[in-house]
Amino acid sequence: MGLLRIMMPAKFQLLAVLAFGVAMLFIENQIQKLEESRAKLERTIARHEVAEVEQRHSEDAGWDLSPLAEKDDMVIIYNRVPKTASTSFTNIAYDLCGKNRFHVLHINTTKNNPVMSLQDQVRFVRNVSSWREMKPGFYHGHVAYLDFSKYGAKGRPMYINVVRDPIERLVSYYYFLRFGDDYRPGLRRRKQGDRKTFDECVSSGGSDCAPEKLWLQIPFFCGHHSECWNAGSRWALEQAKANLVNEYLLVGVTEELEDFIMMLEAALPRFFRGATELYRTGKKSHLRKTTEKKPPTKETIAKLQQSDIWKIENEFYEFALEQFQFVRAHAVREKDGELYVLAQSFFYEKIYPKGN
């Protein structure tokens, strides 16, 4: 090839380079068109699925088909963090939406980018706030937290989420990109064919297992501020903590997903009535397991734990876990090895003025 370049006249070399550049631009343009077509197709399918659900509702004579009450405009947003058992949980919502009469909508962003453009942020807030036909609604997608009050929205959604041990989450994602899972086993993944183990990646300083890849759960809770996405930012950590406590109804942990579902059912039966039993007995309870995954060695874990990024991400995870366990301690009790939800423990007295 080098000899061929020497023998080729300069103008032919230039033409060859130009031709290659034009070909690459053409290919990129075709890829962009395919992505746009895919997005349009997914939107069309989503609209069709919504219409299909509504049609099934109208055909079921046993249901109350009266219009939704004005107050029944609840919206839940599950801005799911990748590889935290989010698919397992989301499929419970899909299974329950027909019976409990609410809508489930998947937020699908281009190239799975969790940060929306400013114009899309405004559009999304307006959609969620004013789309009466989709209320009550359960929205889910890999999207960073969005503060609705910033855009003047009258009603605010309730946020929920699930977090996972940072290293376990990264290991799961690393192998998922290479081997996929049992949910869609035939789908070709981005890193398919790369059989390097996570240990080998860390040992060789690979980019797919770098400490920067741990920086994900904090940004998802921190939001759309630029500082949220600066790996290792202490400001982002504090913002994520504040949002978790003040803006989220409940944040669970992957390791205790059943407890998370039980507490949601107790707090929001309008959406989650029957969720606990479905999780325990349903076929989709433990959906989406990574096909091939090798646990990291102690040496690999120790090396990652030396990173300041891990220390901050882990601090956030421990904070979320402590908060979840605090909420759970005041919501459920254990008896004979089984958890059960506490009954209402408050009541009203001394109500004045007294009736006749």
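Residues numbered from 1 in each chain as written. Predicted model: local features only at pLDDT ≥ 70, side-chain atom pairs only at ≥ 80, totals over all residues. Heavy atoms only, no water.

Looking up the chain in an unreviewed UniProt entry gives the name Heparan sulfate 2-O-sulfotransferase 1, with the organism given as Sander lucioperca. Under the UniProt heading Sequence similarities (unreviewed entry), the entry covering the chain gives this text: "Belongs to the sulfotransferase 3 family." (UniProt positions renumbered as here; feature names shortened; annotations may be inferred.)

**With respect to the overall build of the chain**
Secondary structure assignment for the chain yields 13 helices and seven strands. When each of the 356 residues of the chain is scored for burial, the buried share is 39%. Across the chain, every contact between residues at least 6 apart in sequence was considered, and the portion connecting residues at least 24 apart equals 73%. (Helix = DSSP H or I, 4+ residues; strand = E, 2+ residues; numbered from the N terminus. Buried < 20%, exposed > 50% of the residue type's maximum accessible area, 1.4 Å probe, protein only. Contact = heavy atoms within 4.5 Å.)

**Brief notes about the pairing of strand β7 (residues 338–341)**
Relative to β7, strand β6 (residues 332–335) runs antiparallel, the two sharing four bridges. When the bridges of β7 are listed, V332 appears paired with V341. Taking the residues that link successive antiparallel strands as the turn, the β6-β7 hairpin has two residues, and the phi of D336 there is positive, at about 55°. (Pairing = 2+ DSSP bridges.)

**Quick look at the packing of aromatic side chains**
The full count for this structure, using the stated rule, is 20 aromatic pairs. Ring centres 5.3 Å apart and planes at 50° place the aromatic pair Y159 and Y248 in the tilted group. One end of the pair, Y159, is in strand β4 (residues 158–163); the other, Y248, is in strand β5 (residues 248–253), with 89 residues separating them in the sequence. Using a relative accessible area of 6% as the deciding quantity, one classes Y248 as buried. Relative to Y248, the ring of F221 has its centre 4.8 Å away and its plane inclined at 40°; by these criteria the two rings are tilted. Here F221, found in helix α7 (residues 217–222), pairs with Y248, found in strand β5; they are 27 residues apart in sequence, far enough to count as distant. Sitting above the plane of the Y174 ring, R178 keeps its charged end 3.7 Å from the centroid. (Phe/Tyr/Trp six-rings, centres within 6.5 Å; stacked < 30°, edge-to-face > 60°. Lys NZ or Arg CZ within 6 Å of the ring centre and 35° of its normal.)

**Quick look at the state of the cysteines**
With the rule as written, the count across this model stands at two disulfides. Here C201 pairs with C209 through a disulfide, and the sulfurs are 2.2 Å apart. Negative torsions about the S-S bond denote left-handed disulfides, and the value of about -100° found for C201 with C209 makes this one left-handed. In this pair, the class of C201 matches that of C209, namely buried. Each sulfur of the disulfide joining C222 and C228 lies 2.0 Å from the other. Handedness here is read from the sign of the S-S torsion; for C222 and C228, about -65°, the answer is left-handed. (Disulfide = S-S within 2.5 Å.)

**A word on the nonpolar core**
Counting residues in hydrophobic clusters, the biggest one holds 76 residues, and the most contacted among them are F138, F221, F260 and F272. Ranked by residues supplied to this core, first place goes to helix α13 (residues 308–329) with eight residues. Leave out the neighbours within four places in its chain, and F272 touches I76, F89, L96, N100, F138, I160, L264 and E265. (Core = buried A, V, L, I, M, F, W, Y, C linked by side-chain atoms within 4.5 Å.)

**Quick word on helix α4 (residues 118–130)**
Given 3.6 residues to a turn, an α-helix orients residues that are three or four positions apart in the same direction. With 13 residues, α4 extends 18 Å between its outermost C-alpha atoms, agreeing within 8% with the 18 Å of an ideal straight helix rising 1.5 Å per residue. Taken together, the buried positions of α4 are occupied by Q121, F124, V125 and V128. For α4, the angular spread of buried residues about the axis comes to 100°, placing them on one side. Seen from the buried face of α4, the exposed residues on the opposite side, beyond 90 degrees, are R126 and S130. Looking at the buried side of α4, the elements it contacts are β1 (75–78) and β3 (137–140). (Expected span 1.5 Å × (residues − 1). Arc of directions from axis to C-beta.)

**Quick look at helix α8 (residues 234–247)**
For α8, built from 14 residues, the straight-helix expectation of 20 Å at 1.5 Å per residue is met to within 8% by its first-to-last C-alpha distance of 19 Å. Within α8, burial applies to A236, L237, A240, K241, N243 and L244. For α8, the arc enclosing every buried residue in end-on projection is 165°, short of the 170-degree limit, so these residues lie on one face. The elements touched by buried residues of α8 are α7, β5 and α13. At the N-terminal end of α8, a side-chain oxygen is found 3.3 Å from the backbone nitrogen of W235, two or three residues along, and the residue is S233. (Polar contact = N/O pair within 3.5 Å; in protein donor to acceptor, adjacent residues only side chain to side chain.)

**A word on the pattern of salt bridges**
For the coordinates displayed, the defined rule picks out 11 salt bridges. Across the pair E247 and R156 runs a salt bridge, and its minimum N-O distance is 2.5 Å. A residue pair is termed long-range when its members are at least 10 positions apart, and E247 in helix α8 and R156 in the loop between β3 and β4 qualify at 91 residues. Judged by relative accessible area, which is 48%, R156 ranks as partly exposed. Here R328 and D259 are joined by a salt bridge, their closest N and O atoms 2.7 Å apart. Of this pair, R328 sits in helix α13 while D259 is found in helix α9 (residues 257–267), placing the two residues 69 residues apart along the sequence. Judged on exposure class, the residue R328 and its partner D259 are both buried. Residues joined by salt bridges that share partners form a network here, namely D147, R156 and E247. (Salt bridge = Lys/Arg side-chain N within 4 Å of Asp/Glu carboxyl O.)

**A closer look at the sheet that holds β4**
Judged by pairing direction, the sheet is parallel, and its five strands sit side by side in the order β2-β3-β1-β4-β5 without closing on themselves. The sheet terminates laterally at β2 (103–106) and β5, the two strands that pair on one side only. Here the strands of the sheet are splayed against their neighbours by 20° on average, with no regard to which way each runs. Across five bridges, β4 lies against β5 in parallel orientation. What sits directly across from V163, in β5, is V253. Across the sheet, α13 lies against β4 and β5, angled at about 110° from β5, the strand it touches most. (Axes fitted to C-alpha atoms, helices over the stretch in contact; angles between N-to-C directions.)

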